Amino acid sequence: MQNKGLIKLFALLFGLVSIYQLSYTFVTSKVEKEANTFAASRVSESEEGYVAKRETVAANYLDSIGNNTVFGYTNYNEAKKKELNKGLDLKGGINVTLQISVKDILKGLANNTKSPVFNKALADADAASKNSDDTYIELFFEAFDAIKGDTKLASPDIFANKGLSDEINFQMSDDEVKPIIRRKIDESIVSAFEVLRERIDGFGVTQPNIQREGNSGRILVELPGARDIARAQDLLSSTAQLEFWETYKQSNTSFSTFLIQANEKLKEIVEVKEPEQVKEESELDSLLSDVSADSLDLATQVNPLYELLIPANPGSNAMFRAAVKDTATIGSYLRMPEIRRLLPADIQFTKFVWERPATEDTEVIDLYALKSNREGTPRISGDVVSDARADFDQFSKPAVSMTMNTKGAKEWEKLTGDAYTNQTGIAIVLDNKVYTAPGVSSGPISGGRSEITGDFTVNETKDISNVLRAGKLPASAEIIQSEIVGPSLGQEAIDSGFMSFLIAMAIVLLWMIAYYGKAGAFADVALLLNILLIFGVLTSLNAVLTLPGIAGIVLTIGMSVDANVLIFERIKEELAKGKGKSQAVADGFGNALSSILDANITTGLTAIILFVFGSGPIKGFATTLLIGIITSLFTAIFITRLLVDWYIGGKGRSLDFSTSITKNLFKGINIDFLVKRKIAYVISAILVAIGLSSLFFGPGLQQGVDFVGGRSYTVRFEQPVNPSEIASELNTVFGSGTNVKTYGESNQVKITTPYKVDVEGIEVDTEIQDKLFTSLQKYLPDGISKDAFVLGGVDDEAVGILQSVKVGPTIADDIKNNAFLAILGSLAVVFLYILLRFRRWQFSLGAVVAVFHDVLIVLGVFSIFGKLMPFNMEIDQAFIAAILTVIGYSLNDTVVVFDRIRETLAERGWNGGANINYAINSTLSRTLNTSLTTLVVLLAIFIFGGESLRGFMFAMIVGVVIGTYSSVFIATPVMFDALSKKITSGKE
């Protein structure tokens with residue numbers, strides 16, 4: 001081997017750089033451990049809520065020592081930025097896919113037009129988007145073209161408006177307007193991306209990830225380690241519609257008239273019940289007891305509106321008060337057209353808005369009457385705010401300070417002047433909730449500076465100021481897919497993942513020594529360097545390590561052994577021919593190179609497709625697999641060669657590449673595989689037929705929420721539970737379709753429900769969590785709160801929701817389509833690659849038939865045993881990753897066999913197929929050795945890798961077994977049978 005010195009230097013530098021990169025992870029782990037120890041010494045376990053208190057103390061400790069030098073070359077703050085990123089499944093946190101509403105952007109660009117053609121086109125695009133992969137804007141253009149008649153996009157009441165006058169005029173054709181609108185929409189999505197990034201930067205998590213997903217209007221956000229999930233979700237989806245309104249005075253007699261008429265009207269149109277007696281005294285009871293009967297003797301009547309409304313506190317700028325539980329009913333009454341028509345002329349455009357509840361325990365809130373207009377637009381909107389920051393008011397309570405631009409300052413001065421003159425208040429409304437409504441006591445306020453005060457926490461003022469400063473989203477952002485992982489589940493994933501990693505590595509290291517002796521030890525050194533390089537590269541690239549990523553690394557351990565096995569088996573063959581050690585080693589490495597490259601390129605192609613079409617953790621799996629392929633090639637081809645050459649170069653050293661037990665293993669084997677091919681065809685046909693009948697006429701595949709949409713929750717209890725009993729109870733709450741099954745231990749279940757799958761919004765998530773908490777209450781520990789249940793337990797008790805996943809129906813269809821494309825794409829790419837390498841389409845046909853055979857059998861196994869196995873066997877993205885990996889592995893095996901066949905045929909000719917049998921027999925040692933090694937590694941992950949990986953690993957275990965069989969008994973025979981007799985007889 002040439003340039004040994006250069007390779008040694010490169011390996012040394014590569015290894016040192018990897019160690020250096022990983023040292024930052026060691027530093028952060030060391031410092032954070034010290035912080036946790038410090039927090040534990042300051043906060044006793046006997047204190048209420050000690051877990052949260054310890055987190056606060058640890059965070060303050062890390063802030064205080066963040067810039068202190070550690071080991072003389074770095075500090076904690078710097079190391080934190082460079083440490084190995086851990087994904088949500090290892091660290092806990094939230095992963096969401098946000099859909100920016102292109103429909104909202106179009107409405108905004110059209111200035112909220114009332115054009116019937118425009119709005120009909122939007123409605124048609126909405127309907128079409130449910131069954132189409134096209135972007136919303138293209139569906140809108142198609143719908144508009146279908147119904148437009150003489151109407152143009154450049155009509156004055158559509159896009160040729162004042163706001164777009166610089167770019168669109170009345171004379172422009174639709175084809176000229178469309179690219180402008182596409183660009184405007186892209187600009188709006190970029191704006192939304194920047195707004196979200198600003199908000200996330202202010203949220204305070206380390207190593208957040210935000211990225212656009214092509215031109216779909218989707219934005220992927222990952223917040224590893226985020227504990228306050230509700231806060232994160234609210235921050236991401238909030239449109240931050242800040243508005244300033246003038247309030248009406250309580251003494252306005254028009255409201256008294258309206259209230260009397262509305263109450264009488266409601267008696268005619270709604271069904272009301274006699275009020276029930278409330279036994280427990282509360283804030284609400286106290287207020288109601290102070291309300292006396294008025295001149296209408298309301299106490300003796302059933303009054304739909306009066307019985308729900310409470311007089312507002314005198315001196316406040318609110319109009320009424322009401323119990324929080326009654327706000328939805330009152331709001332529905334006040335929105336009724338027949339009730340709105342009763343508003344007197346001087347207050348006919350009144351906007352009723354509720355106060356923001358100060359805490360979750362608030363029972364009574366204010367209702368404000370705001371002065372509005374025919375269009376319902378506020379006096380001042382939030383886009384005039386140029387800066388905002390968290391502050392404290394004159395009473396040292398958390399507040400938000402705002403600064404407005406020149407335009408806003410003028411409007412603010414006029415609004416405060418009107419409020420001062422009219423002795424009314426100014427309601428500061430954020431996302432349709434009144435945060436505060438102070439009066440103006442000292443005349444108009446100039447300069448554009450103001451303050452939002454209220455019953456805020458410090459975190460709330462930070463979030464409000466962050467949202468205002470970052471700006472409002474140009475359109476609503478709905479969470480169409482989310483995954484929330486509790487920290488306790490993340491720690492368990494780390495423990496189980498690394499346990500499987502260590503066990504698999506130990507097995508492989510021992511096996512190589514047991515099989516190849518000293519040569520196996522050299523392969524082990526190369527393998528350990530390979531692992532170091534993989535982690536070093538992951539850290540250098542700032543990639544994220546996920547649980548499937550650990551599985552990818554562990555699989556790399558098994559597959560990287562394949563290169564060394566190929567090399568050692570070829571060296572043994574060269575030694576058997578009587579060559580000297582040095583020549584045998586040189587020829588062995590040289591002859592194995594072609595097979596190694598072909599095998600790794602085919603696996604790499606499937607990994608690339610997996611990376612392109614996958615998302616989240618699946619990309620993590622593909623990333624580590626790709627890195628592992630590259631580093632294992634380097635270590636197997638160069639590092640192992642260096643060690644072997646060094647050893648045999650010494651005097652009196654012997655290297656046999658086998659042990660006494662394995663020396664004569666597989667020697668003299670001469671199986672006629674081609675003669676037995678018809679038996680194999682029959683066996684495979686039976687297996688495939690059974691699988692297909694189960695798929696089409698039997699139980700079929702269990703599709704996960706990834707493919708059908710819905711929500712799933714992993715819930716843990718203190719004691720074992722009966723999933724059938726829980727399913728029965730939840731089906732009465734959520735309706736039919738809710739599925740509950742044991743997930744791992746008998747005290748843990750996975751709940752999947754399609755309930756309100758078409759409805760977006762955090763409100764639905766909260767509603768489902770409430771219903772789950774209520775329905776499962778009797779199975780939970782006494783006294784556990786809803787917050788503790790949602791966050792997966794407190795006080796180190798992992799009880800409650802450990803993980804939740806939500807997938808909207810639209811994105812579920814996209815995931816399913818991408819999975820289908822990924823499988824077809826991988827088959828097409830590999831077919832072309834094998835065609836180019838082997839120059840005969842028959843080789844490609846044999847490989848693809850074998851792959852189809854393997855995939856159909858894996859699908860059949862999952863269909864037959866899906867409901868029988870004691871672990872999750874749903875078809876989801878992870879399963880597709882397993883299928884693609886099986887494709888890659890099967891092709892890897894097939895290509896090695898084909899490569900030996902090509903080599904043998906070049907030397908000996910076809911000889912009617914006898915030399916094909918010879919080629920298969922000569923690779924049998926490598927085939928079985930690699931397959932058994934990989935199988936043992938997969939079994940280690942299956943047993944010790946955690947519940948979330950079991951279905952994934954089971955698919956791969958079945959795939960490896962079937963793939964090994966098909967490369968010998970299906971791929972090669974199909975290739976042989978596809979060839980003409982002229983070729984196989986050697987006449988062509």
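Our structure's up above, just so we're on the same page.
Bear in mind that the values here come from a model prediction, so they are computed numbers and not experimental data.

1. A look at the overall build of the protein
On a plain count of helices and strands, the protein comes out with 31 helices and 23 strands. Put simply, the protein has 988 residues, and 53% of those count as buried. Element-wise, carbon and sulfur atoms account for 56% of the exposed surface of the protein, whose accessible area totals about 44,600 Å².

2. Structural notes on the side chain of K572
Considering the arrangement of structural elements, one finds K572 in helix α18 (residues 547-576). Those residues in contact with K572, other than ones at most four positions away along the chain, are Y515, Y516, F657, S658 and T662.

3. Focus on helix α23 (residues 723-734)
In an α-helix there are 3.6 residues to a turn, and that puts residues three or four apart on one side. The end-to-end C-alpha separation of α23 is 16 Å, in line with the 16 Å expected for 12 residues at 1.5 Å each. Of all the residues in α23, the buried ones are P723, I726, A727, L730 and F734. Viewed along the axis of α23, the buried residues span an arc of 100 degrees, placing them on a single side of the element. Facing away from the buried side of α23 by more than 90 degrees, the exposed set consists of S724 and T732. The N-cap residue of α23 is N722: its side-chain oxygen and the backbone nitrogen of S724 are 2.9 Å apart. Phi for G735, located one or two positions after α23, is positive at around 90 degrees.

4. Describing the pattern of salt bridges
Inspection of every chain in the model, using the stated rule, returns 33 salt bridges. Of the charged contacts in the structure, one is a salt bridge between K178 and D145, with a shortest N-O distance of 2.8 Å. Note that K178 is positioned in helix α8 (residues 174-201) and D145 in helix α7 (residues 136-147), a separation of 33 residues in sequence. A relative accessible area of 11% means that K178 is categorised as buried. Between D326 and K325 there is a salt bridge, and its shortest N-O distance comes to 3.4 Å. Look at D326 and you get buried, because its relative accessible area is 14%. Exposure remark for K325: the relative accessible area of 64% places this residue in the exposed category.

5. Regarding the packing of aromatic side chains
Geometrically, a pair of aromatic rings is defined through the distance of the ring centres and the angle of the planes. Evaluation of the coordinates by the stated rule reveals 31 aromatic pairs. When the ring of F140 is compared with that of F141, the centres are 5.8 Å apart and the planes differ by 50 degrees; the resulting orientation is tilted. For the pair F140 and F141, one class covers both residues: buried. Ring geometry for F255 and F352: centres 6.4 Å apart, planes at 80 degrees, overall edge-to-face. Residue F255 is found in helix α10 (residues 253-269), and its partner F352 is found in strand β10 (residues 351-354); the two are separated by 97 residues along the sequence. The pair formed by F255 and F352 is uniform in burial state, with each residue classed as buried. Among the aromatic residues, those joined into a ring-pair cluster are F118, F140, F141, F144 and F159. Positioned above the aromatic ring of F589, the side-chain terminus of R641 is 5.0 Å from the ring centre.

6. A few points about the packing of helix α29 (residues 914-944) against helix α30 (residues 950-978)
Closest axis-to-axis distance for the α29/α30 pair is 9 Å, and the angle between their directions is 175 degrees. With respect to α30, the element α29 is oriented roughly antiparallel. Along its contact with α29, which presents I916, I920, T927, S931, T934, L935, L938, L939, I941, F942 and I943, the element α30 presents R950, M953, F954, M956, I957, V960, V961, T964, V968, T972, M975 and F976. Tallied by class, the residues present in the contact of α29 with α30 amount to 17 nonpolar, five polar and one charged.

7. Section: a nonpolar patch on the surface
Together, L6, L9, L12, L13, L16 and I19 make up a nonpolar patch on the protein surface, roughly 580 Å² of accessible area in all. Considering the arrangement of structural elements, one finds L9 in helix α1 (residues 4-42).

8. Focus: unusual backbone geometry
Here the phi dihedral of N111 falls at roughly 60 degrees; this positive angle occurs in a residue that is not glycine. Locating N111 in the fold gives a position in the loop between α5 (102-109) and α6 (116-129). With a phi close to 65 degrees, S396 is a non-glycine residue in the positive phi region. Residue class for S396 comes out exposed when judged on its relative accessible area of 57%.

9. Structural notes on the pairing of strand β13 (residues 385-392)
One ladder, built from seven bridges, connects β13 with strand β14 (residues 398-404); its direction is antiparallel. In the sheet register, A388 faces β14, and the bridge partner there is M402. Between β13 and β14, which follow one another and run antiparallel, lie five residues, and S396 among them has a positive phi close to 65 degrees.

10. Re the sheet that holds β14
Overall, antiparallel pairing links the three strands, which are arranged β13-β14-β17 in an open sheet. The sheet is open, and its two edges are formed by β13 and β17 (449-452), each paired on a single side. Neighbour to neighbour, the strand axes of the sheet diverge by 25 degrees on average, direction disregarded. Lying on the sheet, helix α14 (residues 406-422) is in contact with β14 and β17; it crosses β14 at an angle near 110 degrees.

11. Structural notes on the sheet that holds strand β7 (residues 242-246)
Strand order in the open sheet formed by four strands is β12-β7-β15-β16, with antiparallel pairing between adjacent strands. A single partner strand is all that each edge strand has here, and the edge strands are β12 (380-381) and β16 (433-436). Across five bridges, the pairing between β7 and strand β15 (residues 426-430) is antiparallel. If you follow W245 over to β15, its bridge partner there is A427. Its contacts with the sheet place α14 against β7, β12 and β15, and it is angled at close to 30 degrees to β7.

12. Re the packing of α5 against α6
Between α5 and α6, the shortest axis-to-axis distance is 11 Å and the interhelical angle comes to 170 degrees. The angle between α5 and α6 falls in the class roughly antiparallel. Counting all contacts with α5, which are made through K103, L106 and K107, the residues of α6 involved are F118, L122 and D126. Looking at the contact of α5 with α6 residue by residue, the classes come out as three nonpolar, no polar and three charged.

13. Comments concerning the side chain of K80
Residue position: K80 is located in helix α3 (residues 76-82). Within the structure, the side chain of K80 is placed 2.9 Å from the side chain of E83, a separation counted as a polar contact.

14. Notes on helix α19 (residues 581-613)
Taking 1.5 Å as the rise per residue, α19 with 33 residues should run 48 Å; its terminal C-alpha atoms sit 47 Å apart, in good agreement. At L593, α19 is bent by approximately 35 degrees, the largest bend along its length.

Rules behind the numbers
- Residues numbered from 1 in each chain as written.
- Predicted model: local features only at pLDDT ≥ 70, side-chain atom pairs only at ≥ 80, totals over all residues.
- Heavy atoms only, no water.
- Helix = DSSP H or I, 4+ residues; strand = E, 2+ residues; numbered from the N terminus.
- Buried < 20%, exposed > 50% of the residue type's maximum accessible area, 1.4 Å probe, protein only.
- Areas by Shrake-Rupley, 256 points an atom, 1.4 Å probe, with all protein chains shown as cover.
- Contact = heavy atoms within 4.5 Å.
- Expected span 1.5 Å × (residues − 1).
- Arc of directions from axis to C-beta.
- Polar contact = N/O pair within 3.5 Å; in protein donor to acceptor, adjacent residues only side chain to side chain.
- Salt bridge = Lys/Arg side-chain N within 4 Å of Asp/Glu carboxyl O.
- Phe/Tyr/Trp six-rings, centres within 6.5 Å; stacked < 30°, edge-to-face > 60°.
- Lys NZ or Arg CZ within 6 Å of the ring centre and 35° of its normal.
- Axes fitted to C-alpha atoms, helices over the stretch in contact; angles between N-to-C directions.
- Parallel < 35°, antiparallel > 145°, perpendicular 65-115°, else oblique.
- Nonpolar A, V, L, I, M, F, W, Y, C, P; charged D, E, K, R; others polar.
- Patch = residues over 30% accessible without salt bridge, like charges linked within 9 Å, V, L, I, M, F, W, Y side chains within 5 Å.
- Pairing = 2+ DSSP bridges.
- Bend = angle between axes of the 7 residues up to and from the residue.

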